[in-house]
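One-letter residues, chain by chain:
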Amino acid sequence: MQNPPKQNRSKLRIQTIIETAEKILLEEGIDNITIAYISELSGLKRTSTYKFFPTPKSLKSEMSNIYISDCIKDFRSKSENIKSDNLSVIVLRCVGILFEYFHNNLKAQKLVLSNEFNPSLENKKFNELSLTIQSFVDMNIDLPEMFNKDGVYRVFTQIIISIFSLNLKENDRIDEVGKIEAHRAGHAYLLSWINQKS
């Protein structure tokens, strides 16, 4: 069954708004993503743009969800069982997959890793990413039972993202220094949970 024309028009407008916002993001930076400017560049009426995204924050949230969804798909496609029970090796793999995704995706890098707009621990897509990482770790190593295990992995994921964010702010790109620091901090955090239980 085909979508009604009105629904198709709405999807097309949303796509146009997001593509225009991405163009602004890449060429002019996150601060220039405003509803008025998007309407001007896209040729859409301002009321039409406001209907779908009442504020720049709501638009950035939607874009962030798209990029984190892509990151989840990318992580799942590369996170097969690596047959190691060495925590350092497993954390390095997690960091490596995330690093590769952000390094190769400038839009995600500029939005998700920006200080102005960082995914919160309450973000559903961010939680889905942390659960995906948790599944990969569990597949490879039997960690001791933890209080609020989901919460532990949300913090673990946030540590990695935050270090990439700091790396980007300091060097205007993410590089091996950020990757090394994310591994070191992520490994130390999970290790502290293991040491508490032993």
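None of these values were measured; they are calculated from a predicted model. (Residues numbered from 1 in each chain as written. Predicted model: local features only at pLDDT ≥ 70, side-chain atom pairs only at ≥ 80, totals over all residues. Heavy atoms only, no water.)

### Some remarks on the packing of aromatic side chains
For step 1, the next point in the chain: All chains considered together, the criterion is met by 5 aromatic pairs.
For step 2, the next point in the chain: Residues Phe-99 and Phe-164 carry aromatic rings whose centres are separated by 5.8 Å and whose planes lie at 70 degrees to one another, so their mutual orientation is edge-to-face. Taken as a pair, Phe-99 in helix α5 (residues 87-104) and Phe-164 in helix α8 (residues 149-171) lie far apart in primary sequence, 65 residues in all.
For step 3, the next point in the chain: For Phe-164, a relative accessible area of 0% corresponds to the buried category. (Phe/Tyr/Trp six-rings, centres within 6.5 Å; stacked < 30°, edge-to-face > 60°. Helix = DSSP H or I, 4+ residues; strand = E, 2+ residues; numbered from the N terminus. Buried < 20%, exposed > 50% of the residue type's maximum accessible area, 1.4 Å probe, protein only.)

### Examining the side chain of Thr-132
For step 1, the next point in the chain: Structurally, the position occupied by Thr-132 is in helix α7 (residues 124-140).
For step 2, the next point in the chain: Note on Thr-132: relative accessible area 7%, which makes it buried.
For step 3, the next point in the chain: Of note is the side chain of Thr-132, whose polar atom sits 2.8 Å from the backbone oxygen of Glu-128.
For step 4, the next point in the chain: Ignoring sequence-local partners within four residues, the contact set of Thr-132 consists of Ile-72, Phe-75 and Arg-76. (Polar contact = N/O pair within 3.5 Å; in protein donor to acceptor, adjacent residues only side chain to side chain. Contact = heavy atoms within 4.5 Å.)

### Focus: the packing of helix α4 (residues 56-78) against α5
For step 1, the next point in the chain: Here α4 crosses α5 at 135 degrees, and the two axes come no closer than 10 Å. The orientation of α4 with respect to α5, classified from their angle, is oblique. Pair α4 / α5 crosses with right-handed handedness. Here Tyr-67, Asp-70, Cys-71, Asp-74, Phe-75 and Lys-78 of α4 lie close against α5, whose contacting residues are Arg-93, Cys-94, Ile-97, Leu-98, Glu-100, Tyr-101 and Phe-102.
For step 2, the next point in the chain: Grouping the amino acids of the contact of α4 with α5 by side-chain chemistry returns 8 nonpolar, no polar and 5 charged. (Axes fitted to C-alpha atoms, helices over the stretch in contact; angles between N-to-C directions. Parallel < 35°, antiparallel > 145°, perpendicular 65-115°, else oblique. Left-handed = near helix turned anticlockwise from the far one by under 90°. Nonpolar A, V, L, I, M, F, W, Y, C, P; charged D, E, K, R; others polar.)

### A closer look at the nonpolar core
For step 1, the next point in the chain: If you look at the biggest cluster of nonpolar residues, it comprises 54 residues, and the most contacted ones within it are Leu-59, Met-63, Phe-102, Ile-133, Val-137, Phe-156 and Phe-164.
For step 2, the next point in the chain: For this core, the secondary-structure elements that each account for two or more residues are α1 (5-27), α2 (35-42), α4, α5, α6 (106-112), α7, α8 and α9 (176-197).
For step 3, the next point in the chain: When residues of this core are assigned to their parent elements, the largest contribution, 10 residues, is made by α5.
For step 4, the next point in the chain: In this structure Leu-59 touches Ile-17, Ile-18, Ala-21, Ile-33, Ile-38 and Phe-53, once residues within four positions along its chain are discounted. (Core = buried A, V, L, I, M, F, W, Y, C linked by side-chain atoms within 4.5 Å.)

### Some remarks on the packing of α4 against α7
For step 1, the next point in the chain: Where α4 contacts α7, the two axes come as close as 9 Å, and the packing angle between them is 10 degrees. Classified by the angle between their axes, α4 and α7 sit roughly parallel to one another. Across from Asn-65, Ile-68, Ser-69, Cys-71, Ile-72, Phe-75 and Arg-76 in α4, the residues of α7 making contact are Lys-125, Phe-126, Glu-128, Leu-129, Thr-132, Ile-133 and Phe-136.
For step 2, the next point in the chain: The class makeup of the residues in the contact of α4 with α7 is 8 nonpolar, 3 polar and 3 charged.

Fair warning: the whole summary comes from geometry, so function is off the table for now.
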